[in-house]
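# Observations on the model geometry
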Amino acid sequence: MDRAGVDAAVLVSPWLNYLADASYSLEVAAAYPGRFAVVAPIDLTRADPAGIVDDLIAHPHGAGLRQMLWSPASREAVRDGRLDDVFNRMEDAGVPLCLALGGGTAEAVWIASRFPALPVLIDHLGLPASPAPPAPGEPFATLADILALSDYPNVQVKVTGMPALSHQPYPYTDLRDALRRLIDSFGPERVLWGTDWTRVHAFHTYQEGVDWIADAGLSAIELARVRGANAFELFFRTRRFVPIG
């Protein structure tokens, strides 16, 4: 991060590595004060799922929660109301919800419409991507479904790990059209960049994951919002963290 000029970052606890246990990310954040905010997964096995919201708020580095929607069971947990108390508590506390979509956008629409004051962030553009090359043949085939979510003012989209969708070398010029469509649809204040480094390191270097967005044709104002200001306001400023730099 220091070499790449990154002052602070949001750590989204990797589900494939640790499932619902965010303790490692929280330990890292505690070891480097001011550098990290942590997004923890919602643990559907808890007897009191809503209690995870209070646990997160109580932790000095907790800044958001994440719901995985990769399985039919996880999607059903949203639709049958089991998570209503969680989402209500998050909405009241101003805790943002990250969604890892697995089968379309129905659950995102359901949450965004029922909890209009809850910040909802769509992980990784809401598009399928591999943890290793090659990139999907038609990576933006369902982008229109994601763009339709911009109709909900509380929905934001994270362009995390976007170079893993490119069929070209750095600076990934084939991504520019999709990025422009996202910004034009959501507005620059609702698009958040990130490296998603734990997933995409087989595709490129960390430095390339940091730098490509600066060469993607954005205006200075758009770049400032997308590359840092939006994430800072949502995950850091609201928890009174003070990143270095």
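Please refer to the structure placed before this passage.
In this text the structure is predicted, and so the values were computed from the model without any measurement.

## Describing the packing of helix H3 (residues 51-58) against helix H5 (residues 84-93)
The geometry of H3 relative to H5 is characterised by a closest axis approach of 8 Å and an angle of 30 degrees between their N-to-C directions. In this view, H3 runs roughly parallel relative to H5, as classed from their interaxial angle. Side by side, H3 and H5 meet where Val 53, Asp 54 and Ile 57 of the first sit next to Val 86, Arg 89, Met 90 and Ala 93 of the second. For the contact of H3 with H5, the class distribution of residues is 5 nonpolar, no polar and 2 charged.

## A closer look at the side chain of Lys 158
Topologically, Lys 158 is positioned in strand E6 (residues 155-160). Look past the residues within four positions of Lys 158 in its chain and what remains in contact with it is Val 12, Cys 98, Leu 121, Ile 122, Asp 123, His 124, Leu 125 and Leu 192.

## A word on the packing of aromatic side chains
A full pass over the atoms with the stated rule returns 7 aromatic pairs. Summarising the aromatic geometry, the rings of Tyr 18 and Tyr 24 are spaced 5.7 Å apart at their centres and angled 35 degrees between planes, so their arrangement reads as tilted. Residues Trp 110 and Phe 115 carry aromatic rings whose centres are separated by 6.4 Å and whose planes lie at 55 degrees to one another, so their mutual orientation is tilted. Judged by its relative accessible area of 2%, Phe 115 is buried. Aromatic ring contacts, followed pair by pair, group Phe 87, Trp 110 and Phe 115 into a single cluster.

## Overview of the sheet that holds strand E7 (residues 191-194)
Read from one edge to the other, the open sheet built from 7 strands follows the order E1-E2-E3-E4-E5-E6-E7, with strand pairing classed as parallel. Edge positions in the sheet fall to strand E1 (9-12) and E7, since each has one partner strand and no second. Sheet twist, expressed as the mean angle between neighbouring strand axes with direction ignored, is 30 degrees. As paired elements, strand E5 (residues 120-122) and E6 share 3 bridges and run parallel to each other.

## Topic: the pairing of E6
Counting buried positions along E6 gives 6 out of 6 residues, so the element sits mostly inside the fold. Handedness of the crossover joining E5 and E6 through helix H7 (residues 143-148): right-handed. Read from E6 through helix H8 (residues 176-186) to E7, the crossover connection turns out right-handed.

## A short note on the packing of helix H4 (residues 72-79) against helix H6 (residues 106-114)
It is at 10 Å that the axes of H4 and H6 come closest, and there the two elements cross at 25 degrees. Relative to H6, the element H4 lies roughly parallel. For the pair H4 and H6, the sense of crossing is left-handed. When H4 is examined against H6, the residues Arg 75, Val 78 and Arg 79 are found in contact with a partner set consisting of Glu 107, Trp 110 and Ile 111. Looking at side-chain class alone, the contact of H4 with H6 contains 3 nonpolar, no polar and 3 charged residues.

## Quick notes on the pattern of salt bridges
Going through the model one piece at a time under the given rule, you end up with 14 salt bridges. Asp 80 is paired through a salt bridge with Arg 82; the nearest N and O atoms lie 2.8 Å apart. Note that Lys 158 and Asp 123 form a salt bridge whose closest N and O atoms lie 2.6 Å from each other. Taken together, the residues Lys 158 in strand E6 and Asp 123 in the loop between E5 and H7 connect sequence positions 35 residues apart. Using a relative accessible area of 3% as the deciding quantity, one classes Asp 123 as buried.

Conventions we followed
Residues numbered from 1 in each chain as written. Predicted model: local features only at pLDDT ≥ 70, side-chain atom pairs only at ≥ 80, totals over all residues. Heavy atoms only, no water. Axes fitted to C-alpha atoms, helices over the stretch in contact; angles between N-to-C directions. Helix = DSSP H or I, 4+ residues; strand = E, 2+ residues; numbered from the N terminus. Parallel < 35°, antiparallel > 145°, perpendicular 65-115°, else oblique. Contact = heavy atoms within 4.5 Å. Nonpolar A, V, L, I, M, F, W, Y, C, P; charged D, E, K, R; others polar. Phe/Tyr/Trp six-rings, centres within 6.5 Å; stacked < 30°, edge-to-face > 60°. Buried < 20%, exposed > 50% of the residue type's maximum accessible area, 1.4 Å probe, protein only. Pairing = 2+ DSSP bridges. Right-handed = clockwise from strand over helix to strand, strands pointing away. Left-handed = near helix turned anticlockwise from the far one by under 90°. Salt bridge = Lys/Arg side-chain N within 4 Å of Asp/Glu carboxyl O.

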